[in-house]
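The chain contents come next:
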Amino acid sequence: MKSFLSHIKQHFGHGSYEGDEYGGAAGHDGSGLPTNLPGNFMFATGIECSYPTIANGTIRRDLLAETDHYNRYQEDLALVRELGLKVLRYNLPYYLIHKAPGQFDWEFADKAMAEIKRLGITPILDLMHFGVPDWVGNFQNPELPVHFAEYCGAVARRYPWVRFYTPVNEIYVTARASAKDGIWNEQLKDDRAFITAMKHIAAASIMGNQQIAKHRPDCVIVQSESAEYIHEMRAVQSPEIRLQNKLRFLSLDLLYAHTIDSEVLLYCLDNGLTRDELEWFMAGEPPGYQIMGNDYYGRNERIIKPDGNWCAAEDVLGWYTMTKQYYERYRKPVMHTETNTFNAKDAECWLWKQWVNVQRIRQDGVPVVGFTWYSLLDQLDWDISLAEKRLSVNACGLYDLDRKIRPVGESYKMMIREFGQITMVPHGEMFELTGRPATLKVEK
């Protein structure tokens, strides 16, 4: 099989596109720094939009369809404003829009984006959320970075007023669930397949970021990634769990050209990462302004007992400690990009506990620029990671699927009323960065 690099060089190295992106990921110049206008801290929600395939590719899970968002998008977007929110993590479904190379269906996207713009909502556009178009196949396809880059460039051209993007949601989770845990898409359980998926998805994110930056040089990239940890309760730590706790950093290491841990690097090289590919990733950061989004659910932390059974370990480390680990590694501005709990009775307390974590880490000097309760609506089957289509409701939304507000939604309103005036950087209202567009204003 040809390397993904050969496909990038073939398509981007011979005049098909401007620039020399095939030469590496370098391009970060610090452009597009968000302003410090009062009230620009990004309180946000998101509309759950996952669309992996299951059952050996015979079933497509599309949470936008299963929660009826395609029919009720205007109502759902109005709920965002009802909460007092200015920012929304929003997906344009890659698998539906990109019909074939050079062919796109913008019908739904145009309607939804027009409504977002009309309401004055700032979208963080999520362009790949756990799945790819049928014609692309899955994450083992080395042509994925080229196809996805074309899609990202097309989105940026069509909606030039958008500044904030998440090219690929949760790269590590996507690769692990698809190629190591055997749940989605290619449904493989293999180390080589996992590294293949990881490098293809990370390269796709970088190539997509580059195409976005061509059309929006001051783009802000909010990279949403899962913050995870396994506590192994054994007297002697196993090599497998030690490696797994290190692998949680791999996607961001590849994105941000960060030195990879030696044990992880050997694992990657043993399972198909080539020296040429490694040098490509380590060439430098992609362009635009990078925000490190950390997703944290209590179930992200797990305890493995001596007999091999697992239990949840929520708040043993918590978002504060885990995010501090990521921040000290990458030194990027941070956004809390996802949280919720499946127990609706605990949701209000969980919301405030997460906000306490945000407050504390900001007080300790870590630049947290936003907070997200995910998602706007209840979800379906996430208690089984979408592995089967049972359509069981997970009561984790700010609103239920009848669009009735939950107590946690009312609590989030209270939080926004109380803290809505704060800035991305504490005391940032003292500073003014001139010559750049306001972060939370939709450009006309």
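Residues numbered from 1 in each chain as written. Predicted model: local features only at pLDDT ≥ 70, side-chain atom pairs only at ≥ 80, totals over all residues. Heavy atoms only, no water.

J.: I'd like a description of the layout of surface pockets, backed by residues and values.
T.: Taken as a whole, the largest pocket encloses approximately 930 Å³ of empty space. Lining the largest pocket are 36 residues, and of these Val173, Arg176, Asp181, Glu228 and Ser385 lie nearest its centre. Listed by contribution, the elements that provide at least two residues to the lining of the largest pocket are helix 7 (171–179), helix 8 (191–215) and helix 9 (239–247). (1 Å grid on protein atoms, 1.4 Å probe; cavity = no way out; pocket = protein on both sides within 12 Å on 5 of 7 lines; lining within 4 Å. Points joined across faces, edges and corners; volume = space filled by probe spheres on them. Helix = DSSP H or I, 4+ residues; strand = E, 2+ residues; numbered from the N terminus.)

J.: Just give me the short version of the packing of aromatic side chains, but keep the residues and values in it.
T.: For the coordinates displayed, the defined rule picks out 25 aromatic pairs. Centre to centre, the rings of Tyr172 and Phe194 are 6.3 Å apart; their planes meet at 80 degrees, and the pair counts as edge-to-face. Here Tyr172, found in helix 7, pairs with Phe194, found in helix 8; they are 22 residues apart in sequence, far enough to count as distant. Grouping residues by exposure puts Tyr172 and Phe194 together as buried. Lying over the aromatic face of Phe342, Arg299 brings its terminal NZ or CZ to 3.9 Å of the ring centre. (Phe/Tyr/Trp six-rings, centres within 6.5 Å; stacked < 30°, edge-to-face > 60°. Buried < 20%, exposed > 50% of the residue type's maximum accessible area, 1.4 Å probe, protein only. Lys NZ or Arg CZ within 6 Å of the ring centre and 35° of its normal.)

J.: Before we move on, could you go through the packing of helix 6 (residues 144–158) against helix 8 and cite the residues and values that matter?
T.: At their nearest, the axes of helix 6 and helix 8 sit 8 Å apart, and the two run at 30 degrees to each other. Here helix 6 is positioned roughly parallel relative to helix 8, judged by the angle of their axes. As for how helix 6 packs across helix 8, the hand of that crossing is right-handed. Seen from helix 6, the contacting residues are Leu144, Pro145, Phe148, Ala149, Cys152, Gly153, Ala156 and Arg157; seen from helix 8, they are His200, Ile201, Ala203, Ala204, Ser205, Met207, Gly208, Gln211, Ile212 and His215. Its residues assigned to classes, the contact of helix 6 with helix 8 comprises 11 nonpolar, 6 polar and 1 charged. (Axes fitted to C-alpha atoms, helices over the stretch in contact; angles between N-to-C directions. Parallel < 35°, antiparallel > 145°, perpendicular 65-115°, else oblique. Left-handed = near helix turned anticlockwise from the far one by under 90°. Contact = heavy atoms within 4.5 Å. Nonpolar A, V, L, I, M, F, W, Y, C, P; charged D, E, K, R; others polar.)

J.: Give a description of the side chain of Glu232 that names residues and reports values.
T.: Topologically, Glu232 is positioned in strand 10 (residues 229–232). Within the structure, the side chain of Glu232 is placed 2.7 Å from the side chain of Arg234, a separation counted as a polar contact. A polar atom in the side chain of Glu232 sits 2.8 Å from the side chain of Ser238. When sequence neighbours within four positions are dropped, the list of residues in contact with Glu232 reads Gln237, Ser238, Ile241 and Ile304. (Polar contact = N/O pair within 3.5 Å; in protein donor to acceptor, adjacent residues only side chain to side chain.)

J.: Mind laying out the side chain of Gln223, listing which residues take part and the relevant values?
T.: Here Gln223 shows up in strand 9 (residues 220–226). For Gln223, a relative accessible area of 1% corresponds to the buried category. Side-chain polar atoms of Gln223 contact the backbone oxygen of Val168, separated by 2.9 Å. In this view, Gln223 contacts Pro167, Val168, Glu170, Ile171, Ser205, Leu252, Leu255, Tyr256, Ile291, Met292 and Gly293; residues no more than four positions away in its chain are not counted.

J.: Tell me about the sheet that holds strand 12 (residues 301–304), and name the residues and values.
T.: Read across the open sheet, the 3 strands follow the order 10-12-13; overall the sheet is mixed. The open sheet has two edge strands, strand 10 and strand 13 (310–312), and neither has a second partner. On average, each strand axis in the sheet is tilted by 30 degrees relative to the strand beside it, whichever way the strands run. Pairing between strand 10 and strand 12: 4 bridges, direction parallel. (Pairing = 2+ DSSP bridges.)

J.: Talk me through the pattern of salt bridges; I want residue IDs and the actual numbers.
T.: Evaluation of the coordinates by the stated rule reveals 25 salt bridges. Between Asp134 and Arg60 there is a salt bridge; the shortest N-O distance is 2.8 Å. A residue pair is termed long-range when its members are at least 10 positions apart, and Asp134 in the loop between strand 7 (122–126) and helix 6 and Arg60 in strand 3 (residues 59–60) qualify at 74 residues. A residue is classified by how much of its surface remains accessible, and Asp134, at 63% relative accessible area, is exposed. Arg163 serves as the salt-bridge partner of Asp218, at 3.5 Å between the closest nitrogen and oxygen. Of this pair, Asp218 sits in the loop between helix 8 and strand 9 while Arg163 sits in the loop between helix 6 and strand 8 (164–166), and the two are 55 residues apart along the sequence. Since its relative accessible area comes to 14%, Asp218 is described here as buried. (Salt bridge = Lys/Arg side-chain N within 4 Å of Asp/Glu carboxyl O.)

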